[in-house]
Amino acid sequence: MLKTDIAYYNDGYQKEIQTKVTECIKSKKGYDVVLEDTCFYPEGGGQPADRGKLNEQEVLDVQEENGIIYHTVKNKIEVGTVVKGEIDWEYRFDLMQNHTAEHIFSGLVYREYGFHNVGFHMGKEFMTLDFDGKLSKNDVLKLEIFTNKAVMKNREIKVYYPTKEELEKLDYRSKKKLEGIVRIVEIPEFDICACCGIHVKFTGEIGCVKILSSEWHKGGTRIHMIAGGRALYDYYVKSVDVEDISHMLSVPVKDVAKAVYKLKTERDTLQYQLNLLEKQKLEKIAEMVEKGSKKAVLFEKVSNTKTLQHFANLLCQKVDVAAVFSGDDKTGYTYVLMSQKQDMKELKQKLSAVLQCNGGGTKEMIQGKIQSSKKEIEYFFKTYE
């Protein structure tokens, strides 16, 4: 049964309370304290529990079970003690801002697309919202704009407990069928939802809303979103970053994206040219290896594993076993073992038995990392038959 006559529901802005301890139970984290009344919101409805203090003791957790709210503290508080409870208001208000923003966004998704919010989690850095339908990037951008417009309209948020008859006539969002007392949170024009969380009084108190990312997930859409102080901080950090980039590239802030794209294109062109020159160099080295030799063990610094594979493949056309290494004694070597005639898995086992290396692959090719020195590697292949 939902408790309605409780401090955090009567006034979500109440920061302190004087109340009496009715129970104090030993628990794994310390003691679970039950109070006559509380302004501490317990974890539920996707919203984390409040933080704060009871008589200067840190409240470690707040949970509700069978209508009883337990406040976990480290040390015992005697039953009958009158305690002062203080919530961490900055933390609470952040949760209120974000939770209310979620209502508006989810309400708009339901109104515009008919999709339901089937998952909601409020994390330390952002909220995660899951919907049972696919939203495009343009859909999400439009919804973000509409959500912020709803915030700026500064609508008063209504909280009420309709009768069973009134509830049957109400078109409201809910993740499951509800019985008994139902708490309705209504944001006029934008959302009507059954919810046990705590929200701001007016949408304007949210400040602003920002979508961090969206992706298709399990047949629907997953959204990462922030609001209020979190969104303001995100804006500040990104603005500083963009300003720094604009100075480094000597372009106005509005042209940063174009400048970075140009820089990336130039880098990709140079990388392509370097890769081409690198392959030409390796081809010349391979030409110098005597055809028909049993093995070729070569050390050449290359830019990536694919190029190392290409080098080994060139050598394999001339020798029975190609063993190529890229790196140095300090950081270790990336290696490729390749052969068209011998089992490279067997060679890898022998190599691992005497030197510190890992890797995997097929009978034809093994690749991995080895931490031994060049001298040790060369000695192994000199003695290996």
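Each value, and the rule that gives it
- Residues numbered from 1 in each chain as written.
- Predicted model: local features only at pLDDT ≥ 70, side-chain atom pairs only at ≥ 80, totals over all residues.
- Heavy atoms only, no water.
- Helix = DSSP H or I, 4+ residues; strand = E, 2+ residues; numbered from the N terminus.
- Rg over C-alpha atoms; globule rule 2.2 N^0.38 Å.
- Buried < 20%, exposed > 50% of the residue type's maximum accessible area, 1.4 Å probe, protein only.
- Contact = heavy atoms within 4.5 Å.
- Areas by Shrake-Rupley, 256 points an atom, 1.4 Å probe, with all protein chains shown as cover.
- Lys, Arg positive; Asp, Glu negative; His and termini not counted.
- Charge placed at Lys NZ, Arg CZ, Asp CG, Glu CD.
- Salt bridge = Lys/Arg side-chain N within 4 Å of Asp/Glu carboxyl O.
- Axes fitted to C-alpha atoms, helices over the stretch in contact; angles between N-to-C directions.
- Parallel < 35°, antiparallel > 145°, perpendicular 65-115°, else oblique.
- Left-handed = near helix turned anticlockwise from the far one by under 90°.
- Nonpolar A, V, L, I, M, F, W, Y, C, P; charged D, E, K, R; others polar.
- Pairing = 2+ DSSP bridges.
- Polar contact = N/O pair within 3.5 Å; in protein donor to acceptor, adjacent residues only side chain to side chain.
- Patch = residues over 30% accessible without salt bridge, like charges linked within 9 Å, V, L, I, M, F, W, Y side chains within 5 Å.

### What about the overall build of the protein chain?
Along its length, the protein chain carries 9 helices and 19 strands. By the compact-globule yardstick of 21 Å for 385 residues, the protein chain is too spread out, its C-alpha radius of gyration being 32 Å. Along the longest, intermediate and shortest principal axes, the C-alpha atoms of the protein chain span 90 × 55 × 45 Å. The proportion of buried residues among the 385 residues of the protein chain is 43%. If you take every contact in the protein chain between residues at least 6 apart in sequence, the share linking residues at least 24 apart comes to 60%. For the protein chain, the exposed area adds up to about 22200 Å²; of that, 52% sits on carbon and sulfur atoms. In the protein chain, the 58 positive side-chain charges and the 58 negative ones have mean positions that sit 7 Å from each other.

### Describing the pattern of salt bridges
Enumeration according to the criterion identifies 20 salt bridges in this entry. When the shortest N-O distance is used, the salt bridge between D61 and K29 registers 4.0 Å. Residue D61 is found in strand β5 (residues 61–65), and its partner K29 is found in the loop between β1 (16–26) and β2 (31–35); the two are separated by 32 residues along the sequence. In this structure K29 comes out as exposed when scored by relative accessible area, which is 53%.

### Section: the packing of helix α6 (residues 256–287) against helix α7 (residues 305–316)
Between α6 and α7, whose axes approach to 9 Å, the crossing angle comes to 25°. In terms of orientation, α6 and α7 fall into the roughly parallel class. The handedness of the crossing between α6 and α7 comes out as right-handed. Residue-level contacts link E278, K279, L282, E283, I285 and A286 of α6 to T307, H310, F311, L314 and L315 of α7. Taken together, the residues of the contact of α6 with α7 sort by class into 6 nonpolar, 2 polar and 3 charged.

### Re the sheet that holds strand β19 (residues 365–370)
The 5 strands lie next to each other as β15-β16-β17-β19-β18, forming an open sheet whose pairing is mixed. Unpaired on one side and paired on the other, β15 (293–299) and β18 (357–361) mark the two borders of the sheet. Pairs of neighbouring strands in the sheet enclose a mean axial angle of 15°, with direction left out of account. Of the pairings in the sheet, the one linking strand β17 (residues 332–339) to β19 comprises 6 bridges and is antiparallel in character. Looking across to β19, one finds that Y335 is bridged to G368. Contacts from helix α9 (residues 374–383) reach β15, β16 (319–328), β17 and β19 within the one sheet, and its direction differs from that of β15 by about 175°.

### Examining the sheet that holds strand β9 (residues 127–131)
Here 4 strands make up an open sheet; going across it, the order is β8-β9-β14-β13 and the pairing antiparallel. Since the sheet does not close on itself, it has two edges, and those belong to β8 (117–122) and β13 (209–217), each with one partner. Taking each pair of neighbouring strands and ignoring which way they run, the sheet shows an average axis angle of 15°. Pairing of β13 with strand β14 (residues 220–227), which is carried by 8 bridges, proceeds in the antiparallel orientation. Along β14, the bridge assignment pairs V209 with A227.

### Focus: the side chain of Q47
With respect to the secondary-structure elements, Q47 resides in the loop between β2 and β3 (52–54). At 2.5 Å, the side chain of Q47 and the side chain of H99 are in polar contact. Setting aside chain neighbours within four positions, we find Q47 in contact with Y41, P42, L95, H99, G197 and I198.

### Focus: a nonpolar patch on the surface
On the surface, a nonpolar cluster with roughly 230 Å² of combined accessible area is contributed by V159, Y161 and I181. For I181, the location among the structural elements is in the loop between α4 (164–168) and β11 (184–187). The partly exposed category is assigned to I181, whose relative accessible area is 38%.

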